[in-house]
Amino acid sequence: MPVPRSEPTEHQLLRDTVRDKIHAAIMDGTLEPGERLNDDELIAWLGVSRTPIREALSQLARAGLIEMAPNRYTRVTTPDAGEVVEALQTLGVMFGGVVRLAVPLLSDASRKRIISALDTTITEMEAHDVKSVNTDALAVFALYVEECGNPSLQRVCRDTMDGLAFRLRLPQFDTLVDWDGILADFRRLRAATIAKDAIAAELATESLHLLPGEKG
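The model shown is predicted, which means the values in this text are computed figures rather than measured ones.

Student: Sorry if this is basic, but what is going on with the state of the cysteines here?
Tutor: As used here, a disulfide is simply a covalent bond connecting the sulfur atoms of two cysteines. One pass over the structure, following the stated rule, counts 0 disulfides. Note on C157: no disulfide assigned, nearest cysteine sulfur contributed by C148 at a separation of 6.6 Å. Looking at C157, the relative accessible area reads 0%, which means it is buried.

Encoded structure:
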């Protein structure tokens, strides 16, 4: 039998709007790691009832941006140095495939946009600007996600990459990884993207996310 199609309800749209606003506030630093989230304060800020707020927070908890303990606390996730390698490698598994798919599909304009974003991140890494790298490196791979041509993979990435990347936002991040090695891998990724070499781009992406394997 044909499955009836239903349009999103006003309640669903409200929940999604609330989620997007809280998500943006976390990612831009308005809501800081470890900050407690009080329902009454969120209601006053967002101008909505408690129900869509709690539903939005539950979604953000599944994405890894919120930590919740019933009757104890709801707070912004606090990055843990012990989770850096795990988060990087998980991103690498996703982004390696994304890059391999995207590189052959890039238009000249899209390739130019990605190279510009890579140049920004490479310059920030050379300057040891950890805070900017933590933001702009993710933005680089978000561009590849846009261009990979696989809607299922795009959905997986959009649902999970911000929560994983947020776990890397540590001021001492450059002391927890091989900073110079990652910088070299970003340069390799840049060269492979220009050369339209999908395999080399994938290997560089996996290497900079600390996945084991041969350097290209």
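Moving on from the coordinates now.
Student: Which parts of the structure should I look at to understand the pattern of salt bridges?
Tutor: Pairing is possible between side chains of opposite charge, provided their charged atoms come close. The full count for this structure, using the stated rule, is 14 salt bridges. Among the salt bridges present, the one from R50 reaches D39, with a minimum N-O distance of 3.1 Å. Of this pair, R50 sits in helix 3 (residues 50-62) while D39 is found in helix 2 (residues 39-46), placing the two residues 11 residues apart along the sequence. With a relative accessible area of 15%, D39 lands in the buried category. Taking the shortest distance from any N to any O, the salt bridge between R54 and D39 comes out at 2.7 Å. Of this pair, R54 sits in helix 3 while D39 is found in helix 2, placing the two residues 15 residues apart along the sequence. According to the relative accessible area criterion, R54 is partly exposed, its value standing at 26%.

Student: How do you make sense of the packing of helix 6 (residues 130-147) against helix 7 (residues 151-166) when you look at a structure like this?
Tutor: Helix-helix packing is characterised by the crossing angle of the two axes and by the distance between the axes. Two numbers describe how helix 6 lies on helix 7: the axes approach to 11 Å, and their chain directions differ by 175°. The orientation of helix 6 relative to helix 7 falls into the category roughly antiparallel. Within the contact between the two elements, helix 6 uses L138, A142, V145 and E146 and helix 7 uses Q154, C157, R158, M161, D162 and A165. Split into classes, the residues belonging to the contact of helix 6 with helix 7 amount to 6 nonpolar, 1 polar and 3 charged.

Student: Would you take a moment to explain helix 10 (residues 198-208) for this structure?
Tutor: Since the α-helix turns once every 3.6 residues, residues separated by three or four places project in the same direction. Of all the positions in helix 10, only A198, A201, E202, A204, T205, S207 and L208 are classed as buried. Those residues of helix 10 that are buried lie in contact with helix 4 (84-102), helix 6 and helix 9 (179-194). Sitting at the head of helix 10, D197 places a side-chain oxygen 3.3 Å from the backbone nitrogen of I199. Two residues or fewer after helix 10 comes L210, characterised by a positive phi angle close to 70°.

What counts and what doesn't
- Residues numbered from 1 in each chain as written.
- Predicted model: local features only at pLDDT ≥ 70, side-chain atom pairs only at ≥ 80, totals over all residues.
- Heavy atoms only, no water.
- Disulfide = S-S within 2.5 Å.
- Buried < 20%, exposed > 50% of the residue type's maximum accessible area, 1.4 Å probe, protein only.
- Salt bridge = Lys/Arg side-chain N within 4 Å of Asp/Glu carboxyl O.
- Helix = DSSP H or I, 4+ residues; strand = E, 2+ residues; numbered from the N terminus.
- Axes fitted to C-alpha atoms, helices over the stretch in contact; angles between N-to-C directions.
- Parallel < 35°, antiparallel > 145°, perpendicular 65-115°, else oblique.
- Contact = heavy atoms within 4.5 Å.
- Nonpolar A, V, L, I, M, F, W, Y, C, P; charged D, E, K, R; others polar.
- Polar contact = N/O pair within 3.5 Å; in protein donor to acceptor, adjacent residues only side chain to side chain.

Purely geometric stuff here, so don't read any function into it on its own.
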